[in-house]
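A look at the structure
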Amino acid sequence: MAVPVAPSRWPLLGHTPSMLRRRFAFTDSLREHGEIVRVDLGPMPTFFVTNPELTHRVLVTEGASFRKGAMFDKFRPYLGNGLVLSNGPFHRSQRRLIQPAFHRDRIARYAETMVRAATELTGSWQPGEIREIDKDMQGLAVTVVGEALFSTEMGKRAIDEVRRSIFVVIKQGMIRALSPSFVEKLPVPGNRAFDGAIERMRAIVLEVIESWRTDGVDHGDVLSMLLLAQDEDTGATMTDQQTYDEVLTLLTAGIETTALALSWIFHEIARNPEVAQRLYAEIDTVLAGRPVGVADVPKLTYTLQVVNEVLRMYPIWILMRRATADVELGGEHIPAGTEVIISPHALHFDPRSYPDPGRFDPDRWDPGRAGDLPKGAFIPFGAGTRQCVGNVFAQTEIIITVATVLTNWRLVPVPEQPVRVKFTSAAYPSRLPMTAVPRT
Ligand code: HEM
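About the cut-offs
Residues numbered from 1 in each chain as written. Predicted model: local features only at pLDDT ≥ 70, side-chain atom pairs only at ≥ 80, totals over all residues. Helix = DSSP H or I, 4+ residues; strand = E, 2+ residues; numbered from the N terminus. Rg over C-alpha atoms; globule rule 2.2 N^0.38 Å. Contact = placed C-beta atoms within 7 Å. Near = placed C-beta within 6 Å. Nonpolar A, V, L, I, M, F, W, Y, C, P; charged D, E, K, R; others polar. Axes fitted to C-alpha atoms, helices over the stretch in contact; angles between N-to-C directions. Parallel < 35°, antiparallel > 145°, perpendicular 65-115°, else oblique. Expected span 1.5 Å × (residues − 1). Buried ≥ 20, exposed ≤ 12 C-beta atoms within 10 Å, placed from the backbone. Pairing = 2+ DSSP bridges. Core = buried A, V, L, I, M, F, W, Y, C linked by C-beta atoms within 7 Å.

Across its full length, the chain holds 18 helices and 12 strands. Its C-alpha atoms give the chain a radius of gyration of 22 Å, within 12% of the compact-globule value 22 Å for 440 residues. Once the C-alpha set of the chain is aligned to its principal axes, its extents read approximately 65 × 55 × 45 Å. Counted over contacts in the chain with a minimum sequence separation of 6, partners at least 24 positions apart contribute 74%.

Right, dumping it as structure tokens:
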């Protein structure tokens, strides 16, 4: 059976113009054409998987027959062989070394930073002040991931540099990922800013690593864990280059994603007064006015439903895989080397899994209802062996921040400035000015 070709294919350019112009509308329309649909990225044919069951097979059941795909290769020049990009046995052993840094006991320690950072931020707001909430959430996410990674005095300088440079790297990195290779060599301001940001971050991170190697003390931060970690079988430790790649990978993967989820959550809370009422009621009951702590997180069950609904509606657009062996998928033969696209966004807007998918409805995540979802239908953090290593960290950070903000404030949208969704790899708010109104 031939795989159907998605509509609007251009000579030479394939479906790239439709993907870039229509974004989510294009990828969300593909399920009408089949379970697997051919989409050409320029001259490169890919198979786009449109249903949850086949997605689960690619990510989980047949995960061992796939590696990271073409889109990820574009990040290799600056993320090196860090956890997001590495493959096979090397990825497995790095994951074993890094995962303990995200163990629940450790999260409890990072949660103290999360509470402090959220309290400091909201404590700096003035009644009636208009805040750029997307910028506030970016700043908060830098502090939280930055302090988890580097806890020393010198680490503070590294965090300042991350604050200055990481968003330049993420934005320009994504432009590079979507453009032909010659674009990154053009002497334009964006490329110069990218090169400068990478150079400065590399210099300071290597300096922190160097100083750690001199004092050799376990500071209880993620960097110490990376440097102390030894491979179970060989006893080998990470080189400075590999440590740098892992640090930059964690910064790139952990800051922007969480900041975006937090930004959208405050946008949706403001647009949905009934949801807001239930959130305030839950937070007031569980916390009774005292600051949130990590032990409260599992009790904030409706808050978690709201977080899940935001992660459903504002997820990563697409992920790619490349088959490393021949695979049968949905009756199709997928030869080794085939590029496969999975779209968390398209799956999260599939009306077969989520009736009226455009509606923000945290009740979808009511424990009595959510169990009906097929595997592969909800993948904000991916699935299988490549599932996000920071998922519990991110959920804890989001819940702690929401609880801290809502304990004292209402965030009211500035009405004359509509919020649009801007797309890169994820959905960005065009801007997010909101007035901070104290709760009485
Ligand atoms: C709401 C926040 C977050 C979202 C939506 C998110 C999403 C994802 C997704 C979808 C993947 C899988 C990519 C794939 O399968 O190709 C992933 C992987 C990863 N994420 Fe996250 N992430 C978030 C927060 C974080 C945080 C806070 C960290 C670390 C501080 C982090 C670090 C990573 C790493 C290192 C990987 C690669 C894991 C591996 O392949 O072994 N992420 N993330």
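Moving on, there is more to tell.
Quick look at the site of the ligand now. Taken together, 22 residues lie around the ligand, and Gly254, Thr257, Gly382, Cys388 and Gly390 are the ones closest in. Listing elements by their share of the shell around the ligand, those giving two or more residues are α12 (240–254), α13 (256–271) and α18 (391–408). A per-element tally of the shell around the ligand places α12 first, with four residues. Per-class residue counts for the shell around the ligand are 14 nonpolar, six polar and two charged.

So, about the packing of helix α14 (residues 273–287) against helix α15 (residues 301–313). Across the interface, α14 lies against α15 with an axial gap of 8 Å and an inter-helix angle of 140°. It follows that α14 is oblique to α15 by the angle criterion. In this structure, α14 contributes Val275, Arg278, Leu279 and Glu282 to the contact, and α15 contributes Tyr302, Thr303 and Val306. The class makeup of the residues in the contact of α14 with α15 is four nonpolar, one polar and two charged.

Now for α13. In this model, α13 (16 residues) spans 23 Å end to end at C-alpha, consistent with the 22 Å of a helix rising 1.5 Å per residue. Counted residue by residue, α13 has 13 buried out of 16 residues, so it is predominantly covered.

Our next topic: the sheet that holds strand β1 (residues 36–41). Ordered by their spatial adjacency, five strands build an open sheet running β1-β2-β8-β5-β3, and the pairing between neighbours is mixed. Single-partner strands in this sheet number two, and they are β1 and β3 (66–68). In this sheet, neighbouring strand axes are inclined to one another by 35° on average, regardless of whether the strands run parallel or antiparallel. The pairing of strand β2 (residues 44–49) with strand β8 (residues 339–342) spans four bridges and is classified as parallel. Within β8, the residue paired with phenylalanine 48 across the bridge is isoleucine 341.

Time to look at unusual backbone geometry. A positive phi angle, near 60°, is found at serine 8, a position not held by glycine. Relative to the elements of secondary structure, serine 8 occurs in the segment before α1 (16–22). Not every positive phi belongs to a glycine, and arginine 23 is a case in point at roughly 45°. Note on placement: arginine 23 falls in the loop between α1 and α2 (24–29). Judged by local crowding, arginine 23 falls into the partly exposed class, with 18 C-beta atoms found within 10 Å.

Looking now at the environment of methionine 71. Here methionine 71 lies in helix α4 (residues 70–73). Owing to 18 C-beta atoms within 10 Å, methionine 71 belongs among the partly exposed residues under this scheme. Between the alpha carbons of methionine 71 and methionine 174 there is a distance of 9.7 Å; along the sequence they are 103 residues apart.

Further remarks concern the pairing of β8. Regular strands place side chains that alternate from one sheet face to the opposite one. Relative to β8, strand β5 (residues 319–323) is paired through four bridges, and the arrangement is antiparallel. Across the sheet, arginine 322 pairs through a bridge with glutamate 339, a residue of β8.

So, on to the environment of alanine 6. Relative to the assigned elements, alanine 6 resides in the segment before α1. Taking the C-alpha atoms as reference points, alanine 6 and leucine 30, separated by 24 residues in sequence, lie 6.7 Å from one another. Dropping the residues within four chain positions of it, alanine 6 is found in contact with His15, Leu30, His33, Val37, Arg38 and Val39.

For the rest of this paragraph, the subject is the pairing of β2. Sheet analysis places β1 next to β2, joined by six bridges and oriented antiparallel. When the sheet's bridge partners are listed, leucine 41 is paired in β2 with methionine 44. Counting the residues that bridge the hairpin from β1 to β2 gives two residues, and of these glycine 42 lies at a positive phi of roughly 55°.

Bringing the sheet that holds strand β9 (residues 409–413) into the picture now. Within the open sheet, the three strands sit side by side as β4-β12-β9. Their pairing is antiparallel. Among the strands making up the open sheet, the edge pair consists of β4 (130–132) and β9. The average undirected angle you get between the axes of adjacent strands in this sheet is 40°. Where β4 meets strand β12 (residues 433–438), three bridges bridge the pair, whose relative direction is antiparallel.

In globular proteins that are soluble, nonpolar side chains generally tend to be buried together. Ranked by internal contacts, the top residues of the largest apolar core, which has 81 residues, are Val145, Ala261, Ile265 and Val310. Those residues in contact with alanine 261, other than ones at most four positions away along the chain, are Val310, Leu311, Tyr314 and Ile398. In terms of nonpolar packing, the next biggest core, distinct from the first, is built from 24 residues, Ile36, Leu319, Ile334 and Ile342 among them.

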